[in-house]
Amino acid sequence: MDRLLRAAGRCALAFLLVLGVVALLPRAVQEAVPDAVIGGAVLVLGALAAARRVPKRPRQPR
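Source: prediction; values computed, not measured. (Residues numbered from 1 in each chain as written. Predicted model: local features only at pLDDT ≥ 70, side-chain atom pairs only at ≥ 80, totals over all residues. Heavy atoms only, no water.)

Undergrad: Where do I start with the overall build of the protein in this structure?
TA: If you tally the helices and strands in the protein, you get 3 helices and 0 strands. Moving toward the C terminus, one meets the helices and strands of the protein in the order α-α-α. A buried classification covers 11% of the 62 residues belonging to the protein. In the form shown here, the protein has an accessible surface area of approximately 5600 Å², with 66% of it arising from carbon and sulfur atoms. (Helix = DSSP H or I, 4+ residues; strand = E, 2+ residues; numbered from the N terminus. Buried < 20%, exposed > 50% of the residue type's maximum accessible area, 1.4 Å probe, protein only. Areas by Shrake-Rupley, 256 points an atom, 1.4 Å probe, with all protein chains shown as cover.)

Undergrad: Help me understand the environment of Phe15 in this model?
TA: Note on placement: Phe15 falls in helix H1 (residues 2-24). C-alpha separation for the pair Phe15 and Leu45, spaced 30 residues apart in sequence, amounts to 8.4 Å.

Undergrad: How should the confidence of the model for the protein be read in this particular structure?
TA: Interpreting fine coordinate detail is not advised for predicted regions of low pLDDT. Considering every residue of the protein, the mean pLDDT works out to 77; 85% of them sit at 70 or more. Within the protein, the lowest mean pLDDT, 76, falls on helix H3 (residues 35-53), and the highest, 85, falls on helix H2 (residues 27-32). (pLDDT = per-residue confidence, 0-100.)

Undergrad: How should I be thinking about a nonpolar patch on the surface in this particular structure?
TA: Together, Leu17, Val21, Val44, Leu45 and Leu48 line one region of the surface with nonpolar side chains, adding up to about 450 Å² of accessible area. Elements that contribute at least two residues to the nonpolar patch include exactly H1 and H3. Here Val21 is to be found in helix H1. We classify Val21 as partly exposed; its relative accessible area is 48%. (Patch = residues over 30% accessible without salt bridge, like charges linked within 9 Å, V, L, I, M, F, W, Y side chains within 5 Å. Salt bridge = Lys/Arg side-chain N within 4 Å of Asp/Glu carboxyl O.)

Rendered as structure tokens:
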């Protein structure tokens, strides 16, 4: 449950980060960017943040 809450928090942070960047863009660029691109950027940032935090298992000798 703790992992799920942390992942949701990271996705929320990514969402706010993307919205902040979009808010800084000129109005014409904001309107030209489709909503799907913004949503995709949030998903990618959230996945990258989650993947970065996952502990890597040590390799097993063969």
